[in-house]
Amino acid sequence: MPIAVLAALAAGACFAAAGLLQQWAAGARPDTEALRLRLLGGLVRDPWWLCGIGLAVLAYGFQSLALAFGPLSLVQPLIVAELVFAVPLSARLHRMRLGRREWLGTAAVAVGLAVALASARPHGGRPAAASVQQWLLLLCATAAVVCAALAAARRLTGPWRASATALAAGVVMGTQSVLLAATVDRLRHGLGAALTAWQTYALVVASLCGLLLIQTAFQQGPLAASMTVLDATEPMVAVTVGTVVFGETVTTGWPVGAVTVTALLLVCAGIASLDSSPVVAALHERKGRAVP
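Residues numbered from 1 in each chain as written. Predicted model: local features only at pLDDT ≥ 70, side-chain atom pairs only at ≥ 80, totals over all residues. Heavy atoms only, no water.

Asker: Looking at this model, I keep getting lost on the overall build of the protein chain. Mind explaining?
Answerer: Within the protein chain, the secondary structure is distributed over 13 helices and zero strands. Shown N-terminal to C-terminal, the secondary structure of the protein chain runs as helices and strands in the order α-α-α-α-α-α-α-α-α-α-α-α-α. Relative to its length of 292 residues, the protein chain is compact, with a C-alpha radius of gyration of 19 Å against a globular reference of 19 Å. By principal-axis analysis of the C-alpha atoms, the protein chain measures approximately 50 × 45 × 35 Å. Per-residue burial for the protein chain yields a buried fraction of 48% across its 292 residues. Residue pairs at least 24 apart in sequence account for 85% of intrachain contacts in the protein chain once pairs closer than 6 positions are excluded. Of the roughly 13,900 Å² of accessible surface on the protein chain, 70% is carried by carbon and sulfur atoms. (Helix = DSSP H or I, 4+ residues; strand = E, 2+ residues; numbered from the N terminus. Rg over C-alpha atoms; globule rule 2.2 N^0.38 Å. Buried < 20%, exposed > 50% of the residue type's maximum accessible area, 1.4 Å probe, protein only. Contact = heavy atoms within 4.5 Å. Areas by Shrake-Rupley, 256 points an atom, 1.4 Å probe, with all protein chains shown as cover.)

Encoded structure:
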């Protein structure tokens with residue numbers, strides 16, 4: 001168990017550094033590249049962005065190690081600690097100091113996510129049990145939410161715009177996690193079964209779309225406005241779809257259900273506090289490579 005805890009915290013730290021480097025690189029790109037493949041084309045030539053991708057790969061390695069020694073219900077909440085590392089590091093990079101509001105907002109999102117995941121404790125489920133109609137409903141719902149979030153982002157400014165784009169990215173990445181689970185389930189029946197399944201190719205498309213949306217969110221605003229929403233949306237979508245489509249079980253009833261709902265409300269309050277923070281707004285004005 002100590003190995004799982006240390007590996008999960010190491011994964012969180014690596015995810016935080018990876019997000020920081022990617023946001024720093026993406027923030028320096030022109031606004032005209034938003035939601036365009038040209039954005040990714042420019043970033044792949046940026047050594048700092050590539051370092052961020054490398055750290056993300058290392059983080060997944062730590063996450064795998066943690067899952068080998070501990071349950072998902074322990075590991076995932078600890079990885080959320082990346083927010084506690086990322087937001088202060090971002091402020092430090094831009095030579096700004098976080099106030100009580102920013103610290104409390106960051107803590108609210110991190111603690112709320114950890115408590116919600118730990119109390120819900122999703123488990124079980126069978127990806128093969130999902131019907132074609134359920135998959136179509138999932139993909140249509142994902143597309144609808146993403147389009148609505150991006151439409152809202154066009155009307156918003158500052159950190160709120162980055163948060164709206166991050167919401168779209170989180171929904172796509174949550175769906176990507178579901179597609180990954182279905183693909184892994186197919187692999188148990190052999191490589192041929194995976195290569196002939198449409199979910200495998202949908203996984204590739206979702207991964208590329210998610211990457212573009214994440215980098216656009218990083219480009220549009222400070223890390224505090226995008227990473228908090230990403231970290232909140234992705235597991236919520238994955239758990240919801242896993243429960244509805246795959247038949248996974250979550251812990252409900254009193255008082256566990258009340259704890260989960262309260263924790264999710266705490267997450268929402270933390271995100272709203274950060275997005276309306278004058279310090280985070282100032283970080284948005286300093287986006288890009290203001291510091292050598």
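Asker: For this particular structure, what's the right way to read the environment of Thr32?
Answerer: Mapped onto the fold, Thr32 is located in the loop between helix H1 (2-27) and helix H2 (37-43). For the pair Thr32 and Ala238, spaced 206 residues apart in the sequence, the C-alpha separation amounts to 31 Å.

Asker: I'm lost on unusual backbone geometry in this one. Help?
Answerer: In terms of backbone geometry, most residues other than glycine have negative phi values and most peptide bonds are trans. Phi is positive for Leu35, which is not a glycine, with a value near 60°. Examined against the element boundaries, Leu35 turns out to sit in the loop between H1 and H2.

Asker: Quick question: what am I supposed to make of the side chain of Glu33 here?
Answerer: Take Glu33: it is sitting in the loop between H1 and H2. Ignoring sequence-local partners within four residues, the contact set of Glu33 consists of Arg38, Leu39 and Gln219.

Asker: Help me out: how do you make sense of the packing of helix H7 (residues 132-155) against helix H8 (residues 158-187) in this one?
Answerer: Between two packed helices, both the angle of their axes relative to each other and the distance between the axes serve to describe the pair. The N-to-C vectors of H7 and H8 enclose an angle of 165°; their axes lie 7 Å apart at closest approach. Judged by the inter-axis angle, H7 sits roughly antiparallel to H8. Both H7 and H8 take part in a crossing whose hand is left-handed. Contact with H7, carried on its side by Trp135, Leu138, Leu139, Thr142, Val145, Val146, Ala149, Leu150 and Ala153, involves Arg161, Ala164, Thr165, Leu167, Ala168, Val171, Val172, Thr175, Val178, Leu179 and Ala182 of H8 and no other residues of that element. By residue class, the composition of the contact of H7 with H8 is 16 nonpolar, three polar and one charged. (Axes fitted to C-alpha atoms, helices over the stretch in contact; angles between N-to-C directions. Parallel < 35°, antiparallel > 145°, perpendicular 65-115°, else oblique. Left-handed = near helix turned anticlockwise from the far one by under 90°. Nonpolar A, V, L, I, M, F, W, Y, C, P; charged D, E, K, R; others polar.)

Asker: Looking at this model, I keep getting lost on the nonpolar core. Mind explaining?
Answerer: A general trend in soluble globular proteins is that nonpolar side chains are found buried together. In this structure, Leu83, Leu113, Trp135 and Phe246 are the most contacted members of the largest nonpolar core, which totals 48 residues. The element that contributes the greatest number of residues to this core is H8, accounting for nine residues. Those residues within four positions of Leu83 in sequence are excluded, and the remaining contacts are Pro88, Thr106, Val109, Ala110, Leu113, Met227, Thr228 and Asp231. Membership of the second largest hydrophobic core comes to eight residues, among which are Ala7, Ala59, Ala66 and Ile79. (Core = buried A, V, L, I, M, F, W, Y, C linked by side-chain atoms within 4.5 Å.)

Asker: It is not clear to me how the pattern of salt bridges should be interpreted in this structure. Could you clarify?
Answerer: Within the structure shown, the criterion is met by one salt bridge. The closest approach of N and O atoms between Arg29 and Glu33, which form a salt bridge, is 3.0 Å. On the basis of relative accessible area, Glu33 is assigned to the buried category, the value being 7%. (Salt bridge = Lys/Arg side-chain N within 4 Å of Asp/Glu carboxyl O.)

Asker: Would you take a moment to explain the packing of aromatic side chains for this structure?
Answerer: For any pair of aromatic rings, geometry is given as the distance between the ring centres together with the angle between the planes. Inspection of the entire model under this criterion finds three aromatic pairs. For the pair Trp24 and Trp48, a centre-to-centre distance of 5.5 Å together with 55° between the ring planes defines the contact as tilted. Taken together, the positions of Trp24 in helix H1 and Trp48 in helix H3 (residues 47-69) put the pair 24 residues apart, joining distant regions of the chain. Looking at Trp48, the relative accessible area reads 41%, which means it is partly exposed. Taken together, a centroid distance of 5.3 Å and an interplanar angle of 90° make the contact between Trp135 and Trp198 edge-to-face. Pair noted here: Trp135 is in helix H7 and Trp198 is in helix H10 (residues 198-220), with a separation of 63 residues, a long-range link. On the accessibility criterion, Trp135 (4% relative accessible area) is buried. According to the relative accessible area criterion, Trp198 is partly exposed, its value standing at 39%. (Phe/Tyr/Trp six-rings, centres within 6.5 Å; stacked < 30°, edge-to-face > 60°.)

Geometry only, nothing functional implied.
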